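Fold and contact review
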Amino acid sequence: MLYIKTNSMKNQNLDLFVVNDNAMVVNSLKHFLEQKFGTTLSIFTFHSGKSALEKINTNTRLVILGYSLKDENINEVPDSIKKINPDTKVMMLSSNEDVSNAIESFQKMQVST
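Fair warning: this is a prediction, and the values are worked out from it, not measured in the lab.

Ordered in space as S2-S1-S3-S4, the four strands form an open sheet in which the pairing is parallel. Of all strands in the sheet, those with a lone pairing partner are strand S2 (42-46) and strand S4 (89-93), marking the two edges. Sheet twist, expressed as the average angle between the axes of neighbouring strands with direction ignored, equals 20°. When strand S1 (residues 15-19) meets S2, the two strands line up parallel, connected through five bridges. Counterpart to Phe-17 in the pairing with S2 is Phe-44. Set on the sheet, helix H1 (residues 23-37) makes contact with S1, S2, strand S3 (60-66) and S4; between it and S2 the angle comes to about 175°. With respect to the sheet, helix H3 (residues 76-84) is in contact with S3 and S4, its orientation differing from that of S4 by roughly 160°.

Structure, rendered in structure tokens:
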């Protein structure tokens, strides 16, 4: 379950990023979030970590990050996000039933969460 405290969001514009190289996953997740939260969030979609990193700013509160981004070191993307905005929360999304790789990735992150 995804819970976002909406009463504090009325005074500010909060950005949520969906980053995944699978267009179907990106579109489905964006549609679900729009249905659930309406206009309380600004949802942006990206198909690479690099393109998302170019847009991360102080308004970015949550990044839903696909674990298997092609041609990118998945261990570096969360670190780079946190360097740009330490307050941004990063959620890993994986279709792999073995979540040990995603857990290992978070354990290797060099920044505090």
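Attention now goes to H3. Helical geometry: 3.6 residues make up each α-helical turn, so side chains three or four residues apart lie on a common side. Residues Val-77, Pro-78, Asp-79, Ile-81 and Lys-82 constitute the buried set of H3. Contacts made by the buried residues of H3 are with helix H2 (49-53), S3 and S4.

Rules and cut-offs
- Residues numbered from 1 in each chain as written.
- Predicted model: local features only at pLDDT ≥ 70, side-chain atom pairs only at ≥ 80, totals over all residues.
- Heavy atoms only, no water.
- Pairing = 2+ DSSP bridges.
- Helix = DSSP H or I, 4+ residues; strand = E, 2+ residues; numbered from the N terminus.
- Axes fitted to C-alpha atoms, helices over the stretch in contact; angles between N-to-C directions.
- Contact = heavy atoms within 4.5 Å.
- Buried < 20%, exposed > 50% of the residue type's maximum accessible area, 1.4 Å probe, protein only.

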